[in-house]
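Close look at the chain arrangement
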Amino acid sequence: MEEFEASASAKKTKTIYISTVFGIAMVLLMVGLLGLLLVDANNISRYVKENIVLNIFVDDAAHETDVLQLQKQLDANVMVKQTQYVSKELAARNLQKDLGEDFVKFLGYNPLSQSLDIYLKADYANNKDIEKFKAELLKNPLVKEVKYQQSLVDRMNENVKAISLIILTFAGIFVILSVALINNTIRLAIYSQRFLIKSMQLVGATKGFIRKPFLLYGIWHGLLGGLIAVILLIGTLYVAYQNIPELVFLQNYTEFGIVFLGVVGLGIFISGFSTFLAVNKFLRLKIYDLYR
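The name an unreviewed UniProt entry assigns to the protein is Cell division protein FtsX, from the organism Mucilaginibacter dorajii. Quoted straight from UniProt, the Subcellular location (unreviewed entry) entry for the protein says "Cell membrane".

Moving on, we come to the nonpolar core. Ile-182, Ile-190, Ile-197, Phe-214, Phe-256 and Val-263 are the most contacted members of the largest nonpolar core, which totals 29 residues. Within the residue set of this core, elements represented by two or more residues are α1 (2-49), α6 (150-191), α7 (194-202), α8 (207-243) and α9 (253-284). With 10 residues, the top contributor of residues to this core is α9. Setting aside residues no more than four positions away along its own chain, Phe-214 makes contact with Tyr-17, Ile-190, Gln-193, Ile-197, Thr-275 and Val-279. Ranked by size, the runner-up nonpolar core spans 24 residues in total, among them Val-58, Leu-116, Phe-133 and Val-143.

Let us now look at empty space enclosed by the protein. For the structure on display, the rule yields 1 cavity of 30 Å³ or more. Size it by volume and the largest cavity reaches roughly 50 Å³. The wall of the largest cavity is formed by Tyr-17, Thr-20, Ile-186, Ala-189, Ile-190, Phe-214, Tyr-217, Gly-218, His-221 and Thr-275. Elements with a contribution of two residues or more to the lining of the largest cavity: α1, α6 and α8. Per-element tally for the lining of the largest cavity: the top contributor is α8, with 4 residues. Partitioned by chemical class, the residues of the lining of the largest cavity number 6 nonpolar, 4 polar and no charged.

Here is what the cut-offs are and how they apply
- Residues numbered from 1 in each chain as written.
- Predicted model: local features only at pLDDT ≥ 70, side-chain atom pairs only at ≥ 80, totals over all residues.
- Heavy atoms only, no water.
- UniProt positions renumbered as here; feature names shortened; annotations may be inferred.
- Core = buried A, V, L, I, M, F, W, Y, C linked by side-chain atoms within 4.5 Å.
- Buried < 20%, exposed > 50% of the residue type's maximum accessible area, 1.4 Å probe, protein only.
- Helix = DSSP H or I, 4+ residues; strand = E, 2+ residues; numbered from the N terminus.
- Contact = heavy atoms within 4.5 Å.
- 1 Å grid on protein atoms, 1.4 Å probe; cavity = no way out; pocket = protein on both sides within 12 Å on 5 of 7 lines; lining within 4 Å.
- Points joined across faces, edges and corners; volume = space filled by probe spheres on them.
- Nonpolar A, V, L, I, M, F, W, Y, C, P; charged D, E, K, R; others polar.

In structure tokens, the structure reads:
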């Protein structure tokens, strides 16, 4: 009979621990998805900013070698991500595609100027820095005109700030909820062991001796839950990239690695800390309070 009860108790404990691990994993999965959303939102913002084009139109009398020399100087600028030289012929072909007809043949000459398309780094894609950069460019005698969509830049930066604030707010709320959920899961698991804790205490075991195995289990459960969450996150990313190939430009393995490590670390910390608090609570309880 005693062996049966011991076996039933062991099975019950094992079931509780398994459910605890998967409970932690599901919560960490949601935290990880939110982390990936933040990373992707930042990458999308950077991608959009770095695709804003400044069109630099050079003097009609400028030689191509002089324009290419200017391009080299711009490539060395700390604000510039990349440049593209657009010759008169290339500009004409691009406009012909847009218009659907050969305007050069109709006019008898090519009225377009050679130009440089400038793509700035994301940190400098704002009107203040662009206007400063534009003023410097116009000092060059080769540069005839600099054009960009100023209203688009303003609207884009405003939208990015608003979206970032909303996502960060939700992230903060969700992290708090996640901590509360994992804490409750751990406390319920420790609650089932309250009589064992009190029995060990009654036979003379110190608080540190009693607390140690529970803390080790708590850390182990947090680690397992974090690893399960990471595996599920990798699977989610794989499915997403298979179904939406356009998301490939968002891939950043370094940032993904930071998110995965953060998920595992958060699982270990919350699980270990919650276990510490829960065990301490039952260590302080009187015997008659265990039945409440």
